[in-house]
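Examining the three-dimensional arrangement
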Amino acid sequence: KHLIHTFPKPSVGATINALFMFGKSTVPVTLYNCAKDPYILDTIRFMQTIGFNITYGEDKIELHGYQKTSNPTVQHTVIDDTIEALTYIIYSGINLNANSTSSYTIGPFTIGYLGKTYALLQSIGIELLESKTKNYYYIYRTSTLKPFNITTGYYPDIYTDIQPFLCLLALYIDSSTVTNSSITEIIWNDRFKYIEELNKLGCMITSIKNCITIPALHTTNTPSFADLTFTCPDLRGGMAVYLLMRKYNILHTPLNKDYIDRGYTDYENNINIILHNDSTSLY
């Protein structure tokens, strides 16, 4: 017997769940259309270390059972959170002055795990500069942030999880240009719930089906925002709302903030470091 399964779409969660579910199968298992994110490879490396027979290829993952390891001690370092790193990289680009470098570093993370997102950020005007500490980077912002039009995709394409932060970045594109930015979401439905919250701050983001258009933000008068109520619709969208609130010194707590708490640690401190450009390191 041979169990074969093809995922309807590459999903990190579904792929990892399948690895756990079928890892001890007594018959060979082949998985197609799997996610290829760094988290998948990290999970496979860990499972191999503790005795699972797994092979990974460009088009499939094969599982051939489990043999208990004789080594009572297994050491494995979980890879750094790429989405968390990109959250702070993008927020840094928003808050830095033109032609300036952050006093702080962000890390550790592996720059190669950013996929095509890093090339996108470079084209917009945000660079990473290596520090003396391995896998820690300073952020450099060029003089003019350029508009962009992107479509989310499966890794190594633009992560769907970072499109709320790219939406924030689009708000701070050089307002002298008449070109708006746009984001098209093809991975999941209902990923633009956060724009209703951002628009409370004077943004004029519009949505048509699976695409949002983002003009530069011209709001400068913030006192009237103090009494507004904000809601976190999900983890990433909620964090985008929270970041923009803090940029405008709106200090009260949004509803459903627990979404953020389950995905980020010490984020209030990291936000303050970015806003004040302190000489230290984030996470």
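Preceding this paragraph is the structure being described.
Residues numbered from 1 in each chain as written. Predicted model: local features only at pLDDT ≥ 70, side-chain atom pairs only at ≥ 80, totals over all residues. Heavy atoms only, no water.

**Some points on helix α9 (residues 267-276)**
Regarding α9, the residues found buried are Y267, N270, I271, I273 and I274. Seen end-on, α9 carries its buried residues on one side only, within an arc spanning 160°. The secondary structure elements touched by the buried residues of α9 are α3 (82-95), α7 (235-247), α8 (258-261) and β13 (281-282). Looking one or two residues beyond α9, the residue adopting positive phi is N277, at roughly 50°. (Buried < 20%, exposed > 50% of the residue type's maximum accessible area, 1.4 Å probe, protein only. Helix = DSSP H or I, 4+ residues; strand = E, 2+ residues; numbered from the N terminus. Arc of directions from axis to C-beta. Contact = heavy atoms within 4.5 Å.)

**Side note on the packing of aromatic side chains**
Applying the stated criterion across every chain yields a total of six aromatic pairs. A centroid spacing of 5.7 Å and a plane angle of 35° characterise the contact between Y155 and Y159, whose relative ring orientation is tilted. For the pair shown, Y155 and Y159 are each scored as buried. Seen from their ring centres, F192 and Y194 are 6.4 Å apart, and the 65° between their planes marks the pair as edge-to-face. With respect to class, F192 is no different from Y194; both count as buried. Sitting over the face of the ring of Y66, K24 holds its NZ or CZ atom 4.9 Å from the ring centroid. One residue, K200, lies across the ring of F230, its end atom 5.6 Å from the ring centre. (Phe/Tyr/Trp six-rings, centres within 6.5 Å; stacked < 30°, edge-to-face > 60°. Lys NZ or Arg CZ within 6 Å of the ring centre and 35° of its normal.)

**Some points on the sheet that holds strand β2 (residues 29-32)**
Reading across from one edge, β1-β2-β4-β3 is the order of the four strands in this open sheet, with mixed pairing throughout. Looking at strand neighbours, the two that pair on one side only are β1 (3-6) and β3 (52-56), the edges of this open sheet. The average undirected angle you get between the axes of adjacent strands in this sheet is 15°. With four bridges joining them, β3 and strand β4 (residues 60-66) adopt antiparallel strand pairing. Its bridge partner being in β4, T55 is matched across the sheet by E62. Along the sheet, helix α1 (residues 12-22) makes contact with β1, β2, β3 and β4, crossing β4 at roughly 25°. Its contacts with the sheet put helix α2 (residues 38-49) on β3 and β4, and the angle it makes with β3 is roughly 145°. (Pairing = 2+ DSSP bridges. Axes fitted to C-alpha atoms, helices over the stretch in contact; angles between N-to-C directions.)

**Some points on unusual backbone geometry**
With omega at 0°, the peptide bond leading from G107 into P108 counts as cis. For P108, the position within the fold is in the loop between β6 (105-106) and α4 (116-124). The residue N135 is not glycine, and still its phi comes out positive at about 65°. Mapped onto the fold, N135 is located in the loop between β7 (126-130) and β8 (137-141). Unlike most non-glycine residues, N249 shows phi in positive territory, near 60°. The topology assignment puts N249 in the loop between α7 and α8.

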